[in-house]
Amino acid sequence: DNLDDMYFSQYNIVENGDFSDATEDDTDDGNFVGWTNGGTHSATNHFIITGGSCRVIRGGVGTFYIYQNILIPSTEYTYSINVTTLGSGLYLFTANSDLSVLSNWVNLSAGVNTGRITTNATAIYFVIYPHTNNGTTVFDNISLIPTGNVPDDVAFKDTANKILTSWFRDDGNTTT
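Residues numbered from 1 in each chain as written. Predicted model: local features only at pLDDT ≥ 70, side-chain atom pairs only at ≥ 80, totals over all residues. Heavy atoms only, no water.

### Observations concerning the sheet that holds strand β2 (residues 45–50)
Threshold: When DSSP finds two or more bridges between a pair of strands, those strands are recorded as paired. A run of DSSP states H or I qualifies as a helix once it reaches four residues; a run of E qualifies as a strand once it reaches two. Both are numbered from the N-terminal end. Think of each axis as a best-fit line through the C-alpha atoms, taken over the contacting stretch in the case of a helix, with angles from 0 to 180 degrees between the N-to-C directions.
Strand order in the open sheet made by the five strands is β2-β3-β10-β5-β8, with antiparallel pairing throughout. Two strands lie at the open edges of the sheet, namely β2 and β8 (111–118), each paired on one side alone. Strand-to-strand, the axes of this sheet are offset by a mean angle of 30°, without reference to chain direction. Bridge count for strand β3 (residues 53–58) against strand β10 (residues 135–146) is five bridges, and the pairing is antiparallel. The partner of R55 across the bridge, within β10, is V138.

This is how it looks when you write it as structure tokens:
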């Protein structure tokens, strides 16, 4: 499927990471296209899309973030995110299915941030999380690209947790 093609062709797997789709432009009202709201979004603590960038409105205490369910556990990724206004600051991290195990915390700085992360054995969420102070942060052009190092024992198990021995190729042939 398309996700397999992205993983093996090393495409950016973040949907709407350039915030060009502003069908929903305020997370106080709903989810951005491609993103899911986490925590409590309110009139004083939320994300908005404006001018093709994402802006964090941080007006006090509270936990809120946006995330995508796009990760494969135990896999390496190259990330890039442009923080044009640092404001109160911004983190990216990875998390498991109930957001109880957080890993790969990256404290982003002003400018283009790049690097590599390797997800832990349970990570499936890619998360953008603002610092806990007041202020406005603006960011854009998020990319997350699998490096091609997807472990066989994680990515290619069937529902009985057995490693698959027969594969279906895009050209219609099978191989073992």
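From this point, the narrative continues.
### Let's talk about unusual backbone geometry
Inclusion rule: Burial classification: accessible surface area is computed with a 1.4 Å probe over protein chains only, and a residue below 20% of its type maximum counts as buried, one above 50% as exposed, and the rest as partly exposed.
Positive phi is not limited to glycine here, since S74 has a value of about 55°. Considering the arrangement of structural elements, one finds S74 in the loop between β4 (64–69) and β5 (76–85). Residues other than glycine seldom take positive phi values, yet N104 does so here, at roughly 60°. Residue placement: N104 occurs in strand β7 (residues 102–108). On the basis of relative accessibility, which here comes to 21%, the residue N104 falls in the partly exposed class.

### Some thoughts on the sheet that holds strand β6 (residues 90–95)
Sheets are built from strands that pair by backbone hydrogen bonding, the pairs being arranged parallel or antiparallel. The sheet built from five strands is open, its strands ordered β1-β4-β9-β6-β7 with antiparallel pairing. In this open sheet, the two strands that pair with only one neighbour each are β1 (36–39) and β7. Taking the axes of each pair of neighbouring strands and ignoring which way they run, one obtains an average angle of 25° across the sheet. As defined by bridge partners, β6 adjoins strand β9 (residues 125–130) across six bridges and the pair is classed as antiparallel. Directly across from L90, in β9, lies its bridge partner P130.

### Topic: the nonpolar core
Spelled out, the test is: The definition of a nonpolar core used throughout is a set of buried Ala, Val, Leu, Ile, Met, Phe, Trp, Tyr and Cys residues joined through side-chain atoms within 4.5 Å. By definition in these notes, contact holds between two residues if any of their heavy atoms fall within 4.5 Å.
Core analysis: the largest hydrophobic core is formed by 29 residues, its most contacted members being W35, F47, F126, I128, F139, I142 and L144. Among the secondary structure elements, those contributing two or more residues to this core are β2, β3, β4, β5, β6, β7, β9 and β10. Of all the elements, β5 adds the most residues to this core, at four residues. Residues within four places of L144 in sequence aside, it is in contact with Y11, N12, I13, V14, I70, L71, Y77, T78, Y79, I117 and F126.

### Description of the side chain of H131
The test is simple: In protein, a polar contact means a hydrogen-donor-capable atom and an acceptor-capable atom, both N or O and within 3.5 Å, with residues adjacent in sequence counting only if both atoms are side-chain atoms; elsewhere, any N or O pair within 3.5 Å suffices.
Within the secondary structure, H131 sits in the loop between β9 and β10. Looking at H131, the relative accessible area reads 15%, which means it is buried. For H131, the side chain forms a polar contact with the main-chain oxygen of S88, separated by 3.2 Å. Within the structure, the side chain of H131 is placed 3.4 Å from the backbone nitrogen of L90, a separation counted as a polar contact. The residues touching H131, leaving out its near neighbours within four places in the chain, are R58, S88, G89, L90, Y91 and N107.

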